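Fold and geometry: a report
Below are the chains, spelled out letter by letter.
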Amino acid sequence: QVQLVESGGGLVQPGGSLRLSCAASGSIYSINAMGWFRQAPGKERELVAVIARGGSTDYADSVKGRFTISRDNAKNTAYLQMNSLKPEDTAVYYCNIKDFFNRVYWGKGTLVTVSS
């Protein structure tokens, strides 16, 4: 069984920063892609950023230049550094991984609220 645990969410003022972490544990053979998704109230879940095992990254246009995804393969952990946060970044952020066998796992989410 695979578990993903997100942490680092919270309340931050516009323009502030937060760093999310996602630690994967359990019966993981090998993690290929690690990603962050988010879901705002009344909206569909959307991709925020993804990082391949080799380090290549991709971002949603709305966060390019403000968010940075990274990973530590030895720790099976992904990070999302979020800078210059805006109220529209308010959402539940979910960690997602795809393993060597293309099985997909989700975390339970962490709430990020950007408000003054």
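This text goes with the structure placed above it.
Here goes a summary of the coordinates provided. Here the residue numbers are simple positions, counted from 1 along each chain's written sequence. Totals for whole chains, interfaces and linings use all residues, but because this is a predicted model, local features are given only for residues with pLDDT of at least 70 and pairs of side-chain atoms are given and counted only at 80 or more. The basis for every side-chain value is the complete set of non-hydrogen atoms in the structure, without hydrogens or water.

Before going further, it helps to examine the overall build of the protein chain. Counting from the N terminus, the helices are DSSP H or I runs at least four residues long and the strands are E runs at least two residues long. When helices and strands are tallied, the protein chain shows zero helices and eleven strands. Expected size for 116 residues packed as a compact globule is a radius of gyration near 13 Å; at 14 Å, the protein chain falls within 12% of this value. If one aligns the C-alpha atoms of the protein chain with their principal axes, the spans along those axes are about 45 × 25 × 25 Å. Per-residue burial for the protein chain yields a buried fraction of 41% across its 116 residues. Long-range pairs, those at least 24 residues apart, make up 53% of the contacts in the protein chain with a sequence separation of at least 6. Where accessible areas are quoted, they stem from the Shrake-Rupley method and a 1.4 Å probe; at the residue level, only the protein chains shown are allowed to cover. Of the roughly 6300 Å² of accessible surface on the protein chain, a fraction of 48% belongs to carbon and sulfur atoms. The convention is simple: Lys and Arg are positive, Asp and Glu are negative, and His and the chain ends are not counted. Think of each charge as sitting on NZ of Lys, CZ of Arg, CG of Asp or CD of Glu. Between the mean site of the 13 positive side-chain charges and the mean site of the 9 negative ones, the protein chain shows a separation of 5 Å. Only C-alpha atoms enter the radius of gyration; for comparison, a globular chain is expected to reach 2.2 Å times N to the power 0.38, where N is the number of residues. Each residue's exposure class comes from its accessible area (1.4 Å probe, protein chains only) as a fraction of the maximum for that residue type: buried when under 20%, exposed when over 50%, partly exposed otherwise. Throughout, a contact is declared for two residues whenever any of their heavy atoms are within 4.5 Å.

Unlike most non-glycine residues, S84 shows phi in positive territory, near 50 degrees. Relative accessible area serves as the criterion here: at 40%, S84 is assigned to the partly exposed category. You will see that N102, though not glycine, has its phi angle at about 65 degrees, which is positive. Among the secondary structure elements, N102 is positioned in the loop between β9 (91-99) and β10 (104-106).

Keep in mind these values describe shape, not function.
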